[in-house]
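Breakdown of the fold
As a plain string of letters, each chain reads:
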Amino acid sequence: MRVLLVGSGGREHAMAAAIARSPLLEALFIAPGNPGTAALGTNCAIRADDVAGLIKLARDERIDLVVPGPEAPLVAGLADACAQAGIACAGPSRAAAELEGSKTFTKEICDAAAIPTARWARFDTAADALAHVRATGAPIVVKADGLAAGKGVIVAQNVEEAETAITDLMTDATMGDAGRTVVIEECLVGDEVSLFAFCAGEQAVLIGAAQDHKRIGDGDTGPNTGGMGAVSPPAGFDRARQEAALDTMVRPMLREMARRGTPFHGIIFAGLMLTPQGEKLIEYNVRLGDPEAQALLIRLQSDLLAALAAVAKGDLAGTDIRFSGQASISVVMAARGYPGRPVTGGVIAGIDDAQDLPGVQVFQAGTKLDADHHLVAAGGRVLAVCATGDTLAQARTRAYAGVGAIRWDDAIWRHDIGMRALEHTARD
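Here's a quick rundown of the structure. (Residues numbered from 1 in each chain as written. Predicted model: local features only at pLDDT ≥ 70, side-chain atom pairs only at ≥ 80, totals over all residues. Heavy atoms only, no water.)

**A short note on the pattern of salt bridges**
Rules: Every case where a carboxyl oxygen of Asp or Glu lies within 4 Å of a side-chain nitrogen of Lys or Arg is listed as a salt bridge. A run of H or I in DSSP counts as a helix once it spans at least four residues, and a run of E counts as a strand once it spans at least two, with each numbered from the N terminus. Any residue under 20% of the maximum accessible area for its type is buried, any over 50% is exposed, and the rest in between are partly exposed; the area is computed with a 1.4 Å probe on protein chains only.
One pass over the structure, following the stated rule, counts 25 salt bridges. Linking glutamate 61 and arginine 2 is a salt bridge whose minimum nitrogen-to-oxygen distance equals 3.4 Å. Placement of glutamate 61 in the loop between α2 (51-60) and β4 (65-68) and of arginine 2 in strand β1 (residues 2-7) is noted, with a sequence separation of 59 residues between them. Residue classification places glutamate 61 among the partly exposed positions, given a relative accessible area of 25%. For arginine 2, a relative accessible area of 10% puts it in the buried group. Each of the salt bridges in this network shares a partner with another, and the network as a whole consists of Asp220, Arg414, Asp416 and Arg420.

The following block contains the structure:
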C-alpha cells in the first residue's frame, strides 16, 4: 500500500514508525511531517489543513490510503474530499468529526444515547455564562465549544477563575471563534483515562487505554496543555474494564451516529472520568491522542496499517490488535514559556544518545532543521521521550534517563509523570 499520513506532531511520528513496520507498506508519505518522520518516509510540504493540496498529493502519488493524524483536517472535510476523489481514508466525515469539533454536539449525542456524562449547559453570550457560574458556584468547568488544540478547557476552582475563563474565551476571543460559544459543566472528580477504539459504523474494536497528564506543572498544577506525558496501561483500568467501557461509552454513540445518518468511521478517543458513581464521558476526540499515542504505539505488536485499512474499508471483522505485556510512559519535553509563548530556535542534541538507552524511543513534534541543519525547537511541545519496561517503575526510570541524555537549554518537563499511577498500584 502507498500511504499518506497527515500531520506533523509526535503522534504522527509514532504512527509513522508503526506504519513503517507493516509488511503491507510500499511507500509512506507524510504531510507535512517533521525531521523525525523524514527518516521513515517522504515528507511533503503541505499543511495538514490544506485539504485540496492533500488530495492533489494523493492523486499525484497514487495513494491507496490516507491516514489523518490530527483533528483539524477531519473537521475541515478531508475524509469527504477523499471519498469524492475515490481515495480510501481511515477517518470520519466532516459531519461525524463534529464529535470533536463541537462540545455541544457531543453532549447532545450523550443525552440522546443515554451515555453518562457531566451535567452541562451551552451559552452564546458572556452575560448568560457569567450569570450561570455565579448562580451555580465552583469548582466548575468552562469549555470552548470548538477546536482549541487541547487548551480550551478550564477547570475553575472558584467563581473568579470561571469568570476570567468566560471573559477570555467569549469577550477577548483568546481561542478565536472556538470560544465564541462555551459549554459549562459540573466538575467531575476521579481519575481521568483515555480509551481508544477502531470504529466502522456500529462496529468497534478496542485499541487500548492510557492516562494523560494535562497540566503544565508537577502535582497537576498550572494551566492545561495539550498533554505533558502519559502512561499505558492506566492503573485501575484493566482490559476487562476497558471492554466494558466500550459498551457504555462508545457503542451507544456509534448507534446514535448511524441513526442520524452520519456513521462514524475512524479512531475514537473517549476521555473518561472514573468517578465513585462509575465512568462518565468527558469528551470525544476523533483521532489518537498526543502524547497517549506515543505511549500506546511503542507497546503495539500487531499491524497498525492493516487495522487502519480495515477501518477505511468499513469492516473490522478479524481485526487483530495485540500489545506487549510491558508498561510504557511518555514524557513531553516542551519549550520554556509553553503553553503561552514558547521560546523557539534552541538547538537540540542527544536524541541518539537517549535512544541508545534500553527501551527508549524519542518522537519529535515541534522541531525543524535550521539553515545549518541543526535540529531546533519550533513549537510548544517539542519532544516525547518514551520508554517501555517490565513494570511502570522501570519504564519511568528509563524515560527520565532518556530526558537526561537530551541537551536543550530551553526545555521544560514535568518530573512526576506516572507517579500517580505508581501510587495507585502500591495501594492495590
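**Section: the packing of helix α6 (residues 103-113) against helix α9 (residues 239-259)**
A pair of packed helices is captured by two measures, namely the crossing angle of their axes and the spacing between those axes. Condition: Orientation is described by axes fitted as lines to C-alpha atoms, over the contacting stretch for helices, and by angles from 0 to 180 degrees between their N-to-C directions. In what follows, roughly perpendicular refers to angles from 65 to 115 degrees, roughly parallel to angles under 35, roughly antiparallel to angles over 145, and oblique to any angle outside these ranges. We call two residues in contact whenever any of their non-hydrogen atoms come within 4.5 Å of each other. Three classes are used, and their members are as follows: Ala, Val, Leu, Ile, Met, Phe, Trp, Tyr, Cys and Pro are nonpolar, Asp, Glu, Lys and Arg are charged, and the others, Gly among them, are polar.
Interaxial distance between α6 and α9 falls to 9 Å at its minimum, and their mutual angle equals 100 degrees. By the angle between their directions, the pair α6 and α9 is classed as roughly perpendicular. In this structure, α6 uses Phe105, Ile109, Ala112 and Ala113 to contact α9, whose residues at the interface are Pro252, Met253, Glu256 and Met257. Here the contact of α6 with α9 is built from residues that sort into seven nonpolar, no polar and one charged.

**Some thoughts on the environment of isoleucine 406**
When you line up the elements, isoleucine 406 lands in the loop between α13 (392-405) and β22 (411-412). With 23 residues separating them along the chain, isoleucine 406 and leucine 383 place their C-alpha atoms 10.0 Å apart. Sequence-distant contacts of isoleucine 406, defined by excluding residues within four places in its chain, comprise Met333, Ile348, Ala349, Gly350, Ile351, Ala354, Val362, Leu383 and Val385.

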